[in-house]
Amino acid sequence: MQVREKTFEIANSRVRSARFVARKEWIVIGADDGFIRVYNYNTMENIIEFKAHSDFIRPLIVHPSQSYLLSASDDKHIKLWDWETGWECTKTFEGHEHYAMQLAFNPRDANVFASASLDRTIKVSLAFIVESNNACTGVN
């Protein structure tokens, strides 16, 4: 059996998270420089990269059916990104007192996600209720 492997350096900082978006043939990468980078996983073409957070990016998760990505960072923010609108940040979630280390969409209701933090809490949030006073803040 032949194993095919592609290796490429994407940044001068550590990479902490990578997620496939099979329906787009993308791999989405989060790094310590606060950037999210998107590549075509067949050609390794850079689709986009943008400053998403002011600190290390930890988990990334892809919505199972919609055009959304959630990212969490050591800046203690969780952000909802919409790639159909040019990677617009549609909402910022706050409330953890320490880094969020894991994110997960609810398999029974993908409008809901959970975040697990080093502050010893889990928060369950509605992902798609966008309020004008809770739009994205900070870097993007």
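Residues numbered from 1 in each chain as written. Predicted model: local features only at pLDDT ≥ 70, side-chain atom pairs only at ≥ 80, totals over all residues. Heavy atoms only, no water.

## Quick word on the overall build of the protein
Turning to step 1, where the next piece is worked out: The number of helices and strands found in the protein is zero helices and eleven strands.
Turning to step 2, where the next piece is worked out: Traced from its N-terminal end to its C-terminal end, the protein shows the element sequence β-β-β-β-β-β-β-β-β-β-β.
Turning to step 3, where the next piece is worked out: Relative to the compact-globule value of 14 Å for 140 residues, the protein shows a C-alpha radius of gyration of 15 Å, a close match.
Turning to step 4, where the next piece is worked out: Its C-alpha atoms give the protein principal-axis dimensions of roughly 45 × 30 × 30 Å. (Helix = DSSP H or I, 4+ residues; strand = E, 2+ residues; numbered from the N terminus. Rg over C-alpha atoms; globule rule 2.2 N^0.38 Å.)

## A word on the pattern of salt bridges
Turning to step 1, where the next piece is worked out: The full count for this structure, using the stated rule, is six salt bridges.
Turning to step 2, where the next piece is worked out: Notably, a salt bridge pairs Asp32 with Arg14, separated by 3.1 Å at the nearest N-O pair. Of the two residues, Asp32 is situated in the loop between β2 (26–31) and β3 (35–40) and Arg14 in the segment before β1 (15–21); the sequence distance between them amounts to 18 residues.
Turning to step 3, where the next piece is worked out: Judged by its relative accessible area of 10%, Asp32 falls in the buried class.
Turning to step 4, where the next piece is worked out: With relative accessibility at 56%, the residue Arg14 sits in the exposed group.
Turning to step 5, where the next piece is worked out: The salt bridge partner of Arg58 is Asp74, with a shortest N-O separation of 2.6 Å. Pair noted here: Arg58 is in strand β5 (residues 57–62) and Asp74 is in the loop between β6 (68–73) and β7 (78–82), with a separation of 16 residues, a long-range link.
Turning to step 6, where the next piece is worked out: Accessibility expressed as a relative area gives 17% for Arg58, which makes it buried. (Salt bridge = Lys/Arg side-chain N within 4 Å of Asp/Glu carboxyl O. Buried < 20%, exposed > 50% of the residue type's maximum accessible area, 1.4 Å probe, protein only.)

## Examining the sheet that holds strand β11 (residues 122–126)
Turning to step 1, where the next piece is worked out: The sheet built from three strands is open, its strands ordered β9-β10-β11 with antiparallel pairing. The outermost strands of the open sheet, each flanked by one partner alone, are β9 (100–105) and β11. Ignoring strand direction, the axes of neighbouring strands in this sheet form an average angle of 20°.
Turning to step 2, where the next piece is worked out: Bridge count between strand β10 (residues 112–117) and β11: five bridges; the pairing is antiparallel. Note on β11: the bridge partner recorded for Ser115 is Lys123. (Pairing = 2+ DSSP bridges. Axes fitted to C-alpha atoms, helices over the stretch in contact; angles between N-to-C directions.)

## Some details on the packing of aromatic side chains
Geometrically, a pair of aromatic rings is defined through the distance of the ring centres and the angle of the planes.
Turning to step 1, where the next piece is worked out: Counted by the stated rule, this structure contains eight aromatic pairs.
Turning to step 2, where the next piece is worked out: Arranged with centres 5.8 Å apart and planes meeting at 35°, the rings of Trp26 and Trp87 form a pair that is tilted. Taken as a pair, Trp26 in strand β2 and Trp87 in the loop between β7 and β8 (88–93) lie far apart in primary sequence, 61 residues in all. Across this residue pair, the class does not change: Trp26 and Trp87 are buried.
Turning to step 3, where the next piece is worked out: Aromatic rings pair up to connect Trp26, Phe50, Trp81, Trp83 and Trp87 into one cluster. (Phe/Tyr/Trp six-rings, centres within 6.5 Å; stacked < 30°, edge-to-face > 60°.)

## Concerning the confidence of the model for the protein
Detailed reading of the predicted coordinates is not advisable wherever pLDDT falls low.
Turning to step 1, where the next piece is worked out: The predicted model of the protein averages 88 in pLDDT, with 90% of residues at 70 or higher.
Turning to step 2, where the next piece is worked out: Per-residue pLDDT, averaged within each element of the protein, yields its smallest value for β11 (90) and its largest for β5 (97).
Turning to step 3, where the next piece is worked out: Here residues 130–134 scores under 50 on pLDDT; set against residues more than four positions off or in separate chains, the count is four contacts. (pLDDT = per-residue confidence, 0-100. Contact = heavy atoms within 4.5 Å.)

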